[in-house]
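The lines below spell out each chain.
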Amino acid sequence: MTTLVPFDKALAAYDPAMGLEVHVELNTNSKMFCGCPTEFGAEPNTQVCPTCLGLPGALPVVNHKAVESAIRIGLALNCEIAEWCRFARKNYFYPDMPKNFQTSQYDEPIAFEGYMDVEVEGETFRVEIERAHMEEDTGKSLHVGGATGRIHGADYSLVDYNRAGIPLIEIVTKPIIGAGEKAPLVAKAYVAQLRDLIVALGVSDARMDQGSIRADVNLSLAPKGSDKLGTRSETKNVNSLRSVERAVRFEVSRHAGILNEGGKVVQETRHFHEDTGETTSGREKSDAEDYRYFPEPDLVPVAPSREWVEELRGTLPENPTAKKTRLQVEYGFTDLEMRDVWAAGALPLIEATVGEGVAPQSARKWWVAELLRRANDAGVELAEVGVTPAQVAAVQKLVDAKTINDKLARQVFDGLIADEGTPEEIIEKRGLALVSDDGPLIAAIDDALAAQPDLVEKIKGGNMGAIGAIMGAVMKATRGQADAGRARELILEKLGLS
Amino acid sequence: MTDLLKKSAAELAELLAEGSVTSVALTQACLDRISEVDTGDNGVHAFLHVDAEGAIAAAAASDARRAKGELLSPLDGVPIAVKDVLTTIGQPTTCGSKILEGWVPPYDATVVARLKAAGLPILGKTNMDEFAMGSSTEHSAYGPTRNPWALDRIPGGSGGGSAAAVAAFEAPLAIGTDTGGSIRQPGAVTGTVGVKPTYGAISRYGLVAMANSLDQVGPVTRTVLDSALLQELIGGHDPLDSTSISEPIPSVVDAARLGASGDLTGVKVGVIQELTTGEGWQPGVMARFDESLELLRDAGAEIVEVSCPSFEHALAAYYLIMPCEASSNLAKFDAMRYGLRVTPDGDPSAEEVMRASRDAGFGDEVKRRIILGTYALSSGYYDAYYGQAQKVRTLIQRDFAAAFEQADVLVSPTAPTTAWKLGEKLDDPLAMYKGDLATIPSNLAGVPGISVPAGLADEDGLPVGFQVLAPAKADDRVYRVGAALETLLEKKWGGPLLDKAPVLEGVAR
Ligand SMILES: [Zn+2]
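Figured I'd write up the structure that's included with this text.

Cut-offs applied
- Residues numbered from 1 in each chain as written.
- Chains lettered and ligands numbered in written order.
- Predicted model: local features only at pLDDT ≥ 70, side-chain atom pairs only at ≥ 80, totals over all residues.
- Heavy atoms only, no water.
- Contact = heavy atoms within 4.5 Å.
- Buried area = accessible area lost by both parts, 1.4 Å probe.
- Salt bridge = Lys/Arg side-chain N within 4 Å of Asp/Glu carboxyl O.
- Polar contact = N/O pair within 3.5 Å; in protein donor to acceptor, adjacent residues only side chain to side chain.
- Helix = DSSP H or I, 4+ residues; strand = E, 2+ residues; numbered from the N terminus.
- Buried < 20%, exposed > 50% of the residue type's maximum accessible area, 1.4 Å probe, protein only.
- Patch = residues over 30% accessible without salt bridge, like charges linked within 9 Å, V, L, I, M, F, W, Y side chains within 5 Å.
- Areas by Shrake-Rupley, 256 points an atom, 1.4 Å probe, with all protein chains shown as cover.
- Lys, Arg positive; Asp, Glu negative; His and termini not counted.
- Charge placed at Lys NZ, Arg CZ, Asp CG, Glu CD.
- Pairing = 2+ DSSP bridges.
- Axes fitted to C-alpha atoms, helices over the stretch in contact; angles between N-to-C directions.
- Donors = N, O, S within 2.8 Å, 3.2 Å for Na, K, Ca; no water.
- Tetrahedral: all angles 85-135°; square planar, octahedral: opposite > 155°, others 65-115°.
- Phe/Tyr/Trp six-rings, centres within 6.5 Å; stacked < 30°, edge-to-face > 60°.
- Lys NZ or Arg CZ within 6 Å of the ring centre and 35° of its normal.
- Parallel < 35°, antiparallel > 145°, perpendicular 65-115°, else oblique.
- Nonpolar A, V, L, I, M, F, W, Y, C, P; charged D, E, K, R; others polar.
- Arc of directions from axis to C-beta.
- Left-handed = near helix turned anticlockwise from the far one by under 90°.
- Core = buried A, V, L, I, M, F, W, Y, C linked by side-chain atoms within 4.5 Å.

### Thoughts on the interface of chain A and chain B
Okay, step 1: Between chain A and chain B, the contact holds 32 residues from the first and 38 residues from the second.
Okay, step 2: When the buried area of chain A at its contact with chain B is split by residue, Pro56, Leu59 and Arg292 of chain A rank highest and sum to 22% of it.
Okay, step 3: Our count for the chain A to chain B interface comes out at 1 salt bridge.
Okay, step 4: The closest approach of N and O atoms between aspartate 298 of chain A and arginine 204 of chain B, which form a salt bridge, is 3.0 Å.
Okay, step 5: At the junction of chain A and chain B, the tally comes to 15 residue pairs in polar contact (both at pLDDT 80 or more).
Okay, step 6: Elements that contribute at least two residues to the side of chain A that touches chain B include exactly β3 (88-91) and β15 (294-295) of chain A.

Next up, the structure:
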C-alpha cells in the first residue's frame, strides 16, 4: 500500500491534469432506440422490448427528441454541431449489455469543440469540451451474495434491463491543466455548473443521487514544469459534487505517493467509496483496450439541418455567467455575498425561492446561512438537503405573517427535513405558533415582574437595558413563542411607561 | 402429388376465388406433400419446423373470411414457408444454429406480421446454413437440405430450405434472405425464381442479422409473377427499420405482367464482362446463359457489353465486411438471456459460461467468420481491412452507376456452376465462397437482382440460373426482363422447367 502524500505537499511537487467524463441521462419519454418508457424506479424488467433486450432480429430507431436534447446540450456548451454523424458499435462482452455492444458514437460525435467557463473563488477557468456524444445506457446488475457486492464472489447475479437503452449524453472535457491546488474545486465547480446548465435546459432530471448525472474523474500528475502528461487513473461513477472534489484530492495524494516512491501509476479503472473518501482498484485498462468500433449499420446517419440547429439555439437558456451578473444586480447582493451564494451552489435555489415571492435577502439568508449548515452537517449538497424552494417560501410567508419567528422557523426546517409534513402541519404538531393572544403573555409578564421587583425599579429608573432580562424570563415562560415586539409593548404598558 | 401443388400462387389465388378449392384443402395438400417428401434419411429436409396446426387454423380463418367476402390480400389463403432466420411468434426460430435451439421469439418479424395480416397460412420454418453462412445449406446444425433435382446434391445456400421447399412442391411460396446470394443462388441450382430486392425495399425488422448492411429479405417462388405478388405484399417502409426505403418503388406486379408479353423492344441489356468471361464458369451454365441472351435479343432487347472492373475485388471486400458485421451481431448469443447455456463444472464466471456456450453452440463456419471479423475490426487493422473493403464497396457502386448509364439492366449467370455433390466443397471454404461471385456485387451496391431458371446444363442435367440486375429502386426492371425471359423459355420448353424435375414420390420413410 502506497503512503498517501498530503494534498498540499503533492501539489508542491506535481501538476495535476484532469479529464472529466460526465454522463447525463436524458429525460425523454422513451428510450434511445425503442419506444419503451424511461420512468425511474419501475419493477425490474417491465420497461423492455425486443430492441432494448437485444433479442435476435430486433432493430434500433433513433429517438428524435434525444437528438434534439444532445444538440441543445452541445450548443449550450458552445460546441460545433456535426452536419452529419453516425452511431458506432462499441463491442465488448458484459452480462448487462443486451447486445454485447453499446450503440454509441465514436469518431463522429454530434457535438464537439466547445467550452464552459467555470468560476472558483472569484477566478474563472475555461474548461474545454472535446465532445458530447449520444449513446445508450446499459442494464443494471445486482450481485447477490459475496463480500463485495461485485460480480466476483457473488452467489448469483440479477440483471434489470429497464435502464438498458435509456439515452445518455457523454460530455468529455479536454485535459484540464493549470488548476493546481484548485483542481478539486474546479472539478467540482465544473460538474456543478454543468448540472445547473442541464437543469436549465430541462433535458434531464439531473439527479446525481439517482445516477441521472454520473461523473468519471480521470487524473494524472506530472512533475512540476514538465510538459508531458502522466499516466492517468479513471475513477468511475462519482455520484455527488462533494465526491468529485474528494476523488480528485484522494487521487492526487495517491498518485504522488506512488511517484515519490519511484513507482509507476497503473492505468486502471478505480471505484470511489463515499464512506471513506478513498478509491480502490477496479480493472486494469490499457489504451489498447479494443472496442472494435465500426459504424452502426442498422441506423442511418444523423444529419441535423442548420435551420433546425439555429432554431434550437433560440431555445437555449440564458448563459450562466451573464445570468449570475444579472441576478447579483437584481438581488442587490454584495460581491462577498454573491461569492458565498455561488460557492454553495445556492443561486438556482435562491432564484426559485425569489420566484415564489420571497425577498432576495431573506431567500439568501435561509439558503446560505441556515440550510447550508445543515447540508454540510449531513454531508450532502444544498440542493439535496431535503427542503425545496417552495417550502422555504412558505416558511418565510409564515414569518412575515408573524405566525412564527426566525427562531421557530428553524424548527420548522427541522420538521421539513424530517419529512413531518407541510410547514403548517409541523407548526401544529410541534406546537410552534407564536403566542399572539395577549392573555397568556400578560400572565407571563405579570409573573416575571413579580419575581424580579429590583429589575422593575431599575426600568422605572430609566435603565431600559433591564427590560432585556424581563423579556428573557417571558420568553422562557412561553417557550420562545411570544411575539417579542408585543411583549415589550405590554411590559412598558404595565409599568406605565408607554 | 395432386396437380394442385404444381400451380403457381397466382393460379391458386384464382382457384380459391372461384371456390374450386379451399385454403384448408390447399394447405393440407402442402402438409401432406411435406410428410411425403421432406422427412427421413433421404428426404428433402427443407423444413426445420412444420406448424401444421397453426397453418390449418390460419387457412380455416381465410376460408371464413372468403365466405364473408372480406379478403385481406390477393394471396389470402395461399400457404407459404418462411426461412428460419425470421422471428415468428409461436414457432421456434433457430437460424440453423444449436445456440438458438428451442428459442421461440416473443415477436414477429415485420415480414411475418405482414404475411399474417395478408392472410397467408405459414406452413413452417425452412432450413438454412447456420446464421445464413454458407452456399449449400450443409452448415445447418440440423443437417443439410437435399436438392429435389438430385437428392445427393446441395440445394444452394444459405436459403436452400426455402428454394427446395418450392422446387419440391411442398409450398407454392417461400421467404428467403439474401446477403451475398442466399436467395438467388439456391434459386439457380433448384430451378426456381428468387429475388433480392433493393436494399431497404423490405423491412429487416425481425431478420436475425448476418451482415446488416447487406442482408435483404425477398421472395422465393416458381414464377416471376408470384415473386412480384409476394414482394408487393411484404415490401414498403417500416418505421421499425430505419434503413427501409420510405418512398414507393414502381409496381413490380405490373412490371411482371408487362414482361410476360415477351416483348422487350427498346430495353438495353448489359452483359457484365467480368461475370461472363474467364475461368471457373461451367460450360453448360454458359451455354444456357448465351441461349437466354439470344432470346432476349429476339424479343427486341438491345444487348451491349459492359465492364465492371472492380467486381474482381467484390468477393474479398464481401469477406471482410460480412464477417465484421457478423462478429458483432453474433456477440449477443452469450447464454445470458436466451438460447443454449452450457455451464462448465466448478464455479464458473459469467465469462466462462459465455465461452463454453458459444463454443458448443456455434458451428465451424460461424466461428471462422466471427474470428475473421473480430480480427479485421481490431485496433490497428481496421483501416487496412474494414476501411479498404468499404472503399472497394464504393468502387463497385461506381461501376454499377457507370454500367447503368449504358444499359437498363445488367445480366450474368446467377452462379458459376450447377449444384455440386453434398460434402464436395465442405473442406474448401474458398471454393464454396466462389459460388457467390456473381451475386455478391449487387449486395455490396444494394441493387436488386433476380434469378430465373434458364434450363439444364448439358453435362449434368441440372438447373442453371440467369441473373438480371437493375439500379436501386428499379426493381420493376428485373421483374419485367425476368418475366419476359420466363415466357420465352417456357414457350421453348413447352412448360415450366420444374416439369422436368424428378417426382420424388415416397422418398421419405
Ligand atoms: Zn425497448
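### Topic: the pattern of salt bridges
Residue and element names in this part refer to chain A.
Okay, step 1: Counted by the stated rule, this structure contains 55 salt bridges over all chains.
Okay, step 2: The residue arginine 374 makes a salt bridge to glutamate 370 at a minimum N-O spacing of 2.7 Å. Here arginine 374 and its partner glutamate 370 are both found in helix α9 (residues 360-378), 4 residues apart, which amounts to about one turn of the helix.
Okay, step 3: Exposure remark for glutamate 370: the relative accessible area of 6% places this residue in the buried category.
Okay, step 4: Among the salt bridges present, the one from glutamate 489 reaches arginine 486, with a minimum N-O distance of 2.8 Å. In this pair, glutamate 489 and arginine 486 are both assigned in helix α16 (residues 484-494), 3 residues apart and thus about one turn of the helix distant.
Okay, step 5: In this structure glutamate 489 comes out as partly exposed when scored by relative accessible area, which is 45%.

### Considering a negative patch on the surface
Okay, step 1: Among the surface-exposed residues, Asp155 of chain A together with Asp347, Glu351 and Glu352 of chain B lie close enough to one another that they form a single negatively charged patch.
Okay, step 2: The partly exposed category is assigned to glutamate 351 of chain B, whose relative accessible area is 38%.

### Comments concerning the sheet that holds strand β9 (residues 409-413) of chain B
Residue and element names in this part refer to chain B.
Okay, step 1: Reading across the sheet, the 11 strands line up as β1-β3-β2-β4-β6-β5-β10-β11-β9-β7-β8 and stay open at both edges, with mixed pairing between neighbours. Only two strands of the sheet have a single neighbouring strand rather than two, namely β1 (47-50) and β8 (302-306). The mean inter-strand angle of the sheet, taken between neighbouring strand axes irrespective of direction, is 25°.
Okay, step 2: Of the strand pairs in this sheet, strand β7 (residues 268-272) and β8 are connected by 5 bridges, and their pairing is parallel. In the sheet register, glycine 270 faces β8, and the bridge partner there is valine 304.

### Remarks on the sheet that holds β3 of chain A
Okay, step 1: Pairing is antiparallel in the open sheet, where 3 strands are placed in the order β4-β3-β15 (chain A). With partners counted over all chains shown, the strands left at the sheet margins are β4 (101-104) and β15 of chain A, one partner each.
Okay, step 2: Relative to the sheet, helix α10 (residues 314-329) of chain B contacts β3, β4 and β15 of chain A, its axis offset from that of β3 of chain A by approximately 60°.

### So, the coordination of the zinc ion
All names here are of chain A.
Okay, step 1: Protein coordination at the zinc ion: the donors are Cys34 (SG), Cys36 (SG), Cys49 (SG) and Cys52 (SG), at 2.3 to 2.4 Å from the metal.
Okay, step 2: The site at the zinc ion holds 4 donor atoms, and with the angles between them running 101 to 116°, its shape is tetrahedral.
Okay, step 3: The sequence motif formed by the donor residues of the zinc ion is C-x1-C-x12-C-x2-C. Within this pair, whereas cysteine 34 is found in the loop between β1 (14-25) and α2 (64-76), its partner cysteine 52 is found in the loop between β1 and α2, the two being separated by 18 residues in sequence.

### Some thoughts on the packing of aromatic side chains
Okay, step 1: Inspection of every chain in the model, using the stated rule, returns 22 aromatic pairs over all chains.
Okay, step 2: These aromatic residues form a ring-pair network of at least three members: Trp103, Phe131, Phe333, Tyr338 and Phe362 of chain B.
Okay, step 3: Above the ring of tyrosine 291 of chain A, the side-chain terminus of lysine 90 of chain A is found at 4.4 Å from the ring centroid.

### Things to note about the side chain of glutamate 296 of chain A
Okay, step 1: On the secondary structure map, glutamate 296 of chain A appears in the loop between β15 and α5 (306-313).
Okay, step 2: Excluding its chain neighbours within four sequence positions, the residues that come into contact with glutamate 296 of chain A are Phe87, Ala88, Arg89, Phe101 and Thr103 of chain A.

### Examining the packing of helix α4 (residues 110-117) of chain B against helix α7 (residues 224-234) of chain B
Residues and elements named next belong to chain B.
Okay, step 1: The interhelical angle for the contact between α4 and α7, taken along N-to-C directions, is 105°, at an axis separation of 9 Å. Viewed along their axes, α4 and α7 adopt a mutual orientation that is roughly perpendicular. Residues Val111, Arg114 and Leu115 of α4 form the contact with α7, whose own contacting residues are Leu230, Leu233 and Ile234.
Okay, step 2: The class makeup of the residues in the contact of α4 with α7 is 5 nonpolar, no polar and 1 charged.

### Looking at unusual backbone geometry
Okay, step 1: The residue after glycine 157 of chain B, namely serine 158 of chain B, is reached through a cis peptide bond having omega 5°.
Okay, step 2: Within the element layout of this structure, serine 158 of chain B appears in the loop between β3 (122-126) and α5 (160-167).
Okay, step 3: Notably, asparagine 100 of chain A is not glycine yet its phi reads approximately 60°, a positive angle.
Okay, step 4: Secondary-structure assignment places asparagine 100 of chain A in the loop between β3 and β4.
Okay, step 5: What makes asparagine 100 of chain A buried here is its relative accessible area of 1%.
Okay, step 6: At alanine 132 of chain B, a position not held by glycine, the phi torsion is positive, near 65°.
Okay, step 7: Positionally, alanine 132 of chain B belongs in the loop between β3 and α5.

### Digging into helix α8 (residues 347-355) of chain A
All names here are of chain A.
Okay, step 1: Within α8, the full set of buried residues consists of Leu347, Leu349, Ile350, Thr353 and Val354. Relative to the axis of α8, the buried residues are bounded by an arc of 160° and lie together on one face.
Okay, step 2: Looking at the packing, one finds that the buried side of α8 touches α6 (320-331), α7 (335-343), α9 and α10 (389-400).
Okay, step 3: Note on α8: the residue one or two positions beyond its end, glycine 357, has a positive phi of about 100°.

### Comments concerning the packing of α8 of chain A against α9 of chain A
Two measures define how a pair of helices packs: the angle their axes make with one another and the distance between the axes.
Residues and elements named next belong to chain A.
Okay, step 1: One way to put it is that α8 packs onto α9 with a least axis distance of 9 Å and a crossing angle of 135°. Considering the angle they form, α8 stands oblique to α9. Of the two possible hands of crossing, α8 and α9 adopt the one that is right-handed. In contact with Leu349, Ile350, Thr353 and Val354 of α8, α9 contributes Pro360, Ala363, Arg364, Trp367 and Val368.

### Some points on the nonpolar core
Okay, step 1: One finds Phe131, Ile175 and Leu296 of chain B to be the most contacted residues of the largest nonpolar core, which totals 161 residues.
Okay, step 2: Top element by residues in this core is α10 of chain B. It accounts for 10 residues.
Okay, step 3: Sequence-distant contacts of leucine 296 of chain B, that is, excluding residues within four places in its chain, are made with Leu264, Val269, Ala301, Ile303, Phe466, Val481 and Leu485 of chain B.
Okay, step 4: In terms of nonpolar packing, the next biggest core, distinct from the first, is built from 71 residues, Leu20, Ala76, Ala111 and Val120 of chain A among them.

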